[in-house]
Amino acid sequence: GAGVSQSPSNKVTEKGKDVELRCDPISGHTALYWYRQSLGQGLEFLIYFQGNSAPDKSGLPSDRFSAERTGGSVSTLTIQRTQQEDSAVYLCASSFGQGGYGYTFGSGTRLTVV
Amino acid sequence: GDSVTQMEGPVTLSEEAFLTINCTYTATGYPSLFWYVQYPGEGLQLLLKATKADDKGSNKGFEATYRKETTSFHLEKGSVQVSDSAVYFCASGRDDKIIFGKGTRLHILP
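Figured I'd write up the structure that's included with this text. (Residues numbered from 1 in each chain as written. Chains lettered and ligands numbered in written order. Predicted model: local features only at pLDDT ≥ 70, side-chain atom pairs only at ≥ 80, totals over all residues. Heavy atoms only, no water.)

**Notes on unusual backbone geometry**
And then number 1: Of note, the bond from Ser7 of chain A into Pro8 of chain A is cis; its omega dihedral lies within 30 degrees of zero at -10°.
And then number 2: Mapped onto the secondary structure, Pro8 of chain A falls in the loop between strand S1 (5-7) and strand S2 (10-13).
And then number 3: In the segment running from Gly9 of chain B into Pro10 of chain B, the intervening peptide bond is cis, with an omega of 0°.
And then number 4: Mapped onto the secondary structure, Pro10 of chain B falls in the loop between strand S1 (3-6) and strand S2 (11-14).
And then number 5: The residue Arg81 of chain A is not glycine, and still its phi comes out positive at about 45°.
And then number 6: Along the polypeptide, Arg81 of chain A turns up in the loop between strand S7 (75-79) and strand S8 (88-95).
And then number 7: Phi is positive for Lys60 of chain B, close to 55°, though the residue is something other than glycine.
And then number 8: Note on placement: Lys60 of chain B falls in the loop between strand S7 (56-59) and strand S8 (62-65).
And then number 9: For Lys60 of chain B, a relative accessible area of 47% puts it in the partly exposed group. (Helix = DSSP H or I, 4+ residues; strand = E, 2+ residues; numbered from the N terminus. Buried < 20%, exposed > 50% of the residue type's maximum accessible area, 1.4 Å probe, protein only.)

**Regarding the side chain of Asp84 of chain B**
And then number 1: Of note, Asp84 of chain B is situated in the loop between strand S9 (75-77) and strand S10 (86-94).
And then number 2: Excluding its chain neighbours within four sequence positions, the residues that come into contact with Asp84 of chain B are Phe62, Lys77, Leu106 and Ile108 of chain B. (Contact = heavy atoms within 4.5 Å.)

**Description of the side chain of Arg64 of chain A**
Residue and element names in this part refer to chain A.
And then number 1: Topologically, Arg64 is positioned in the loop between strand S5 (43-50) and strand S6 (65-69).
And then number 2: Among the polar contacts listed, one links the side chain of Arg64 to the side chain of Asp86, at a separation of 2.8 Å.
And then number 3: Once residues within four sequence positions are removed from consideration, Arg64 is found in contact with Thr78, Ile79, Gln80, Arg81, Thr82, Gln83 and Asp86. (Polar contact = N/O pair within 3.5 Å; in protein donor to acceptor, adjacent residues only side chain to side chain.)

**Focus: the pairing of S8 of chain A**
Residue and element names in this part refer to chain A.
And then number 1: Counting buried residues along S8, 8 of its 8 residues qualify, which places the element largely inside the surrounding structure.
And then number 2: Burial along S8 is two-sided: the residues Ala88, Tyr90, Cys92 and Ser94 and Val89, Leu91, Ala93 and Ser95 are all buried.
And then number 3: Bridge count between strand S4 (residues 31-37) and S8: 7 bridges; the pairing is antiparallel. Paired with Tyr35 across the strands is Leu91, a residue of S8.
And then number 4: Strand direction decides the pairing type here: S8 and strand S10 (residues 109-113), joined by 3 bridges, are antiparallel. (Pairing = 2+ DSSP bridges.)

**Considerations on the environment of Leu46 of chain B**
All names here are of chain B.
And then number 1: Counting through the fold element by element, Leu46 comes out in strand S6 (residues 44-50).
And then number 2: The exposure class of Leu46 is partly exposed, given its relative accessible area of 35%.
And then number 3: Separated by 10 residues in sequence, Leu46 and Tyr36 place their C-alpha atoms 4.5 Å apart.
And then number 4: Among all residues touching Leu46, those that are not within four sequence positions of it are Phe34, Trp35, Tyr36 and Asn59.

Right under this line is the structure:
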């Protein structure tokens, strides 16, 4: 597609439930990134996929968080047993795989855990 | 490791005022430098970038110059508008990752 697409745009879930967030990157972009933006905070790196390489999971805050990328394209971020502190906007970005090109971001998924 | 530091906000200015948002970086080598903007309720958009020393990135009246000697990439605009109200993120990128600053919220008063 023309841009990075994320779904859903908003998600309200009950504490303890699992959620899945989806990201569809720009066609041809080999790299895909997930970030978290909490209210009034900057961007927190979560995970990075580059081609067929093993993902860089160094930013995942706990083992309740996981992500996969199927066929080098669509990615799903899964949060198990959600907690209220997981409430944030989850942003996905894609790029040609080199930091010098910059990222294209999706509009994000606003997750609210009640 | 690499890092980006930008001035804390919020920054409040009147319409038509001159804007400067300071940004400095630390990195080994020569990263590309970026400014991203996030308008209310929207995702981040690339505003401008510079890929080597002394390059000037510009877009929508905003400018920033890559200063290697001061490791800075300050964002400037000569006359801000109410529509410029947003959060601005400075970023540094090389290899396969971009490092973001914490963002500066800008309020422009009519």
